Amino acid sequence: MNKSNYILIFILLCLDFWDIKPYGYISPNLQLAMVFLYLCWGAHRFNDKSNFFNKNCAVPLKIIFLGILLSMVSAFVYFGQTLIQSIVAYRNQYLILSPLFIKKVFPSRQEVITGLYKFSIIYFVFAILKLVFTSLFVSEATVEYSSFEDILLQGYSLLTIPLYFTLQELEKEWDTKQAIYALFIFSLIMLNGNRSSLFPMLILSGYMFFKINTPYRAIVITIIIIFSFLFLVAPINEMIEEAQKQLNDPNYKRNKSIEYYIFNSIQNIWCAIFGNGLISSHTSDVLSVLKSMGIVNSDLGFVGYWNQFGIIPIIVFLYLYIGTLVRKRMPIYLKLISLQTLAGAFTISYFGSIHHMLFFIFFYYLYNLELSKNHSVDNNLTCYGK
């Protein structure tokens, strides 16, 4: 197995292969166990000794994990959730340590991007399968979809990583194959129609499209403008109108969520700093009650994450993403990923769910790959292999 395929399979395992039959019949706990076993296997199988990662690269991740663990105290003190119950309830959160295992595999930047290229193709195939053969999926066996826009497969935020990387490469040198791929992934994100990822993607991609290095620059820009008027203006206007309507609606779930989490959910200064904890349904029905009211942590990005796991992880997230923006040697595609994450800080950037956590995992790995590479260059060490 090459490293790009290792990355691809890791993503698909984390997304449970979108519950396609027969894989979807496997219990969620066993599926998660398979992810952890796969990470351990990869670290042992490859164990690349040539990796040049800075010895401090794991520190931010460890601080995030410490913040997650400290939130267990709140869960115990204020909700009576025992340590054993928390260890079980927090099981998905342990995947935040995945970059430490991927570091042992040590895929190059290109190998990670290639794995994500392959993922985008498989994502498209599965979306078509879900549209045409819905009964192939365990959780959707009785659902019927009328159009591609009705389908939103988990992991859609990952699509922007290869898109931004491809646009970065097109800025350096024109390549027709890469241009076609960029258009494909751009259209795929458009069809998904998720506003939280779509709006920043449109702005950032538009900026990069106009910077593309090609002898046919005038023709490309003209095509982009025509394409925008024909296919983007109407759906964007509809989304803006819908967003304005929802923001003005006091019963809109995000409005209710942000009011609750900021003004009503924090019991004291301890919970404000360390969070309320991730409460199991076996401990309390508080999360199910809130969900029935339309109040869900995952709808509010960093705010929802802070409510559960405290301010410590949020400070680290901001340090990483803002740090990427201000570091001169960071490549433009990582800066675009950072801008998209910060643009969704109150919506999509909730890393407590695995499919959004993946977006952070790959950013963190690629960020440290670039940071360590620059450090190695500064110290006249070997850079990095392919």
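This structure is a prediction, so every number in the text was calculated from the model and none was measured. (Residues numbered from 1 in each chain as written. Predicted model: local features only at pLDDT ≥ 70, side-chain atom pairs only at ≥ 80, totals over all residues. Heavy atoms only, no water.)

Regarding helix α5 (residues 98–105), the residues found buried are Ser-98, Pro-99, Ile-102, Lys-103 and Val-105. Buried residues of α5 fall within an arc of 150° about the axis and therefore sit on the same side. Of the residues trailing α5, Phe-106 is marked for its positive phi of about 55°. (Buried < 20%, exposed > 50% of the residue type's maximum accessible area, 1.4 Å probe, protein only. Helix = DSSP H or I, 4+ residues; strand = E, 2+ residues; numbered from the N terminus. Arc of directions from axis to C-beta.)

The next thing to look at is the packing of helix α1 (residues 3–14) against α5. The relative placement of two packed helices is expressed as an angle between their axes plus a distance between the axes. Here α1 crosses α5 at 160°, and the two axes come no closer than 11 Å. Comparing their axes, α5 and α1 come out roughly antiparallel. Handedness of the crossing formed by α1 with α5: right-handed. Of the residues in α5, those touching α1 at Lys-3, Tyr-6, Ile-7 and Phe-10 are Ser-98, Ile-102 and Val-105. Here the residues of the contact of α1 with α5 sort into five nonpolar, one polar and one charged. (Axes fitted to C-alpha atoms, helices over the stretch in contact; angles between N-to-C directions. Parallel < 35°, antiparallel > 145°, perpendicular 65-115°, else oblique. Left-handed = near helix turned anticlockwise from the far one by under 90°. Contact = heavy atoms within 4.5 Å. Nonpolar A, V, L, I, M, F, W, Y, C, P; charged D, E, K, R; others polar.)

Right, let's get into the nonpolar core. It is characteristic of soluble globular proteins that their nonpolar side chains tend to be buried jointly. In this structure, Phe-119 and Phe-360 are the most contacted members of the largest nonpolar core, which totals 108 residues. With 13 residues, helix α18 (residues 354–378) is the single largest residue contributor to this core. Those residues in contact with Phe-119 that sit more than four places away from it in its chain are Leu-8, Ile-11, Leu-12, Leu-15, Trp-18, Gly-155, Leu-158 and Leu-159. (Core = buried A, V, L, I, M, F, W, Y, C linked by side-chain atoms within 4.5 Å.)

Right, let's talk about the pattern of salt bridges for a bit. Scanning all chains against the criterion turns up three salt bridges. Across the salt bridge formed by Arg-109 and Glu-370, the nearest N and O atoms sit 3.2 Å from each other. In this pair, Arg-109 is assigned in helix α6 (residues 109–132) and Glu-370 in helix α18, connecting sequence segments 261 residues apart. The class for Arg-109 is buried, based on a relative accessible area of 15%. (Salt bridge = Lys/Arg side-chain N within 4 Å of Asp/Glu carboxyl O.)

Here we come to the state of the cysteines. Defined simply, a disulfide is a covalent bond joining two cysteines at their sulfur atoms. According to the stated counting rule, one finds zero disulfides in the structure shown. No disulfide involves Cys-14; its sulfur sits 13 Å from the nearest other cysteine sulfur, which is in Cys-40. Exposure remark for Cys-14: the relative accessible area of 6% places this residue in the buried category. (Disulfide = S-S within 2.5 Å.)

Following the sequence through the fold, Ile-212 ends up in the loop between α9 (195–209) and α10 (217–231). Overall, the relative accessible area of 3% leaves Ile-212 in the buried class. Spatially, the C-alpha atom of Ile-212 lies 30 Å from that of Phe-317, the residues being 105 residues apart in sequence. Each residue touching Ile-212, except ones within four places of it in the same chain, is listed here: Leu-170, Glu-171, Trp-174 and Arg-217.

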